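# Structural overview
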Amino acid sequence: QLARIQTDSVVEMLRELYPDLHFEIAVAMSTTGDKILDTALSKIGEKSLFTKELENALERNEVDLVVHSLKDLPTCLPPGFTIGAVCKRENPLDAVVFHPKNCGKSLSLLPEKSVIGTSSLRRAAQLKKKFPQLEFRDIRGNLNTRLKKLDEKEDFSAIILAAAGLKRMGWENRIGQLLSPEDCLYAVGQGALAVEVRAKDQEILNMVSALHDADTVLCCIAERAFMKRLEGGCSVPVAVNTVLKDGQLYLTGAVYSLDGSDSLKETMQTGVRYPQQNEDGPNDDVQRVGITAKNVPAQAQEAAENLGVQVASLLLSKGAKHILSVARQLNDAH
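First things first, this report covers the structure right here in the doc. (Residues numbered from 1 in each chain as written. Predicted model: local features only at pLDDT ≥ 70, side-chain atom pairs only at ≥ 80, totals over all residues. Heavy atoms only, no water.)

Pairing within the open sheet is antiparallel, and its three strands lie in the order β9-β10-β11. The open sheet has two free edges, formed respectively by β9 (238-245) and β11 (263-271), since each of these has just one partner strand. Pairwise comparison of adjacent strand axes, ignoring direction, gives a mean angle of 15° for this sheet. Running over the sheet, helix α10 (residues 298-317) touches β10 (248-256) and β11 and is turned about 150° from β11. Strands in contact with helix α11 (residues 320-333) are β9, β10 and β11; relative to β10, the strand with the most contacts, it is inclined by about 50°. (Pairing = 2+ DSSP bridges. Helix = DSSP H or I, 4+ residues; strand = E, 2+ residues; numbered from the N terminus. Axes fitted to C-alpha atoms, helices over the stretch in contact; angles between N-to-C directions. Contact = heavy atoms within 4.5 Å.)

The next thing to look at is the pairing of β9. In the sheet, β9 pairs with β10 via eight bridges, with the strands oriented antiparallel. Looking across to β10, one finds that Val240 is bridged to Gly253. Following β9, the chain reverses through two residues before pairing antiparallel with β10; Asp246 in that reversal takes a positive phi of roughly 50°.

Another aspect to go through is the pattern of salt bridges. A full pass over the atoms with the stated rule returns 16 salt bridges. Where Glu90 meets Lys167, a salt bridge forms, and the shortest distance between an N and an O atom there is 3.3 Å. Residue Glu90 is located in the loop between β2 (81-86) and β3 (94-98), and its partner Lys167 is located in helix α7 (residues 163-168); the two are separated by 77 residues in the primary sequence. Using a relative accessible area of 38% as the deciding quantity, one classes Lys167 as partly exposed. The residue Lys148 makes a salt bridge to Glu152 at a minimum N-O spacing of 3.5 Å. In this pair, Lys148 and Glu152 are both assigned in helix α6 (residues 143-152), four residues apart and thus about one turn of the helix distant. The exposure class assigned to Lys148 is partly exposed, which follows from its relative accessible area of 48%. On the basis of relative accessibility, which here comes to 57%, the residue Glu152 falls in the exposed class. (Salt bridge = Lys/Arg side-chain N within 4 Å of Asp/Glu carboxyl O. Buried < 20%, exposed > 50% of the residue type's maximum accessible area, 1.4 Å probe, protein only.)

Reading across from one edge, β5-β4-β6-β3-β7 is the order of the five strands in this open sheet, with mixed pairing throughout. Strands with a single pairing partner mark the edges of an open sheet, and in this sheet they are β5 (135-137) and β7 (177-179). Taken over all neighbouring pairs, the strand axes of this sheet differ in orientation by 30° on average, direction set aside. For strand β4 (residues 115-117) and strand β6 (residues 158-162), the ladder comprises two bridges, and the chain directions are parallel. Bridge pairing in β6 places Ile116 opposite Ala158. Lying on the sheet, helix α5 (residues 121-130) is in contact with β3, β5, β6 and β7; it crosses β6 at an angle near 125°. Where α6 meets the sheet, its contacts fall on β3 and β6, and the angle it forms with β6 comes to roughly 165°.

Right, dumping it as structure tokens:
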């Protein structure tokens, strides 16, 4: 349902921009990640879980564009594909949805040993450290399934979900607590929608590039470059927070051990205010961490990418590789 709502919203924007074109939402597909619901995401493998089948359809020209949650897309896309648009970001923060009997509470007010559901190692690692009195347990399924599990059983006192998904579903009233970046840094790309297209399909690429939101593009390039340099995926706790203010882009990046006891966090900034240069040339279609953003100044994109790499390099120089490799080994062993 959420995937469909997200696709509809992108198509709606395209219809407004191109009233003469006919857009057809041809296919709703199930992917590997949708089908394997009894295993933690971090155990099944990497991010292409939710994207492979969709990319096959793109490759066979059965569809011309695919709408994803940006956080589901790996930092390196398979050859021949690119992210042709990153839409304006919805609230990227994580949200707590409480069991009806805990309505009006916050995480800090829940009784000791209360069980919190989350399928994200990143959320669990940060919250275990902040709320050691609570227990964190895996919960899988789409948004509808997870909310049903919460409401109809007594297994969970609360679950943690992305605020953006709840808002898009029209379930904002279920948000009992928004977790600030001080409580919980969010996932790379969280809250942003990405439109994936064939990299060589200039016509489609030009069409969807009108959907790019420049600020979101720069934040997400920095975040994805950070993740790529760390070689992080679903199986390790990596988190970010980006702020773009007065032409300055601030990136906070962090890595955690699985129980949150060990962590490294750094913030750096860079200027991203550059004029758009209309040079049609070979640099026109440069992909940065899988994103082709024709209408965002190339120098600004480069600065954002460098910022992500620098924050990651700083963490690596302080021992991030060890924290992540231990987290990966422990996760694989469980």
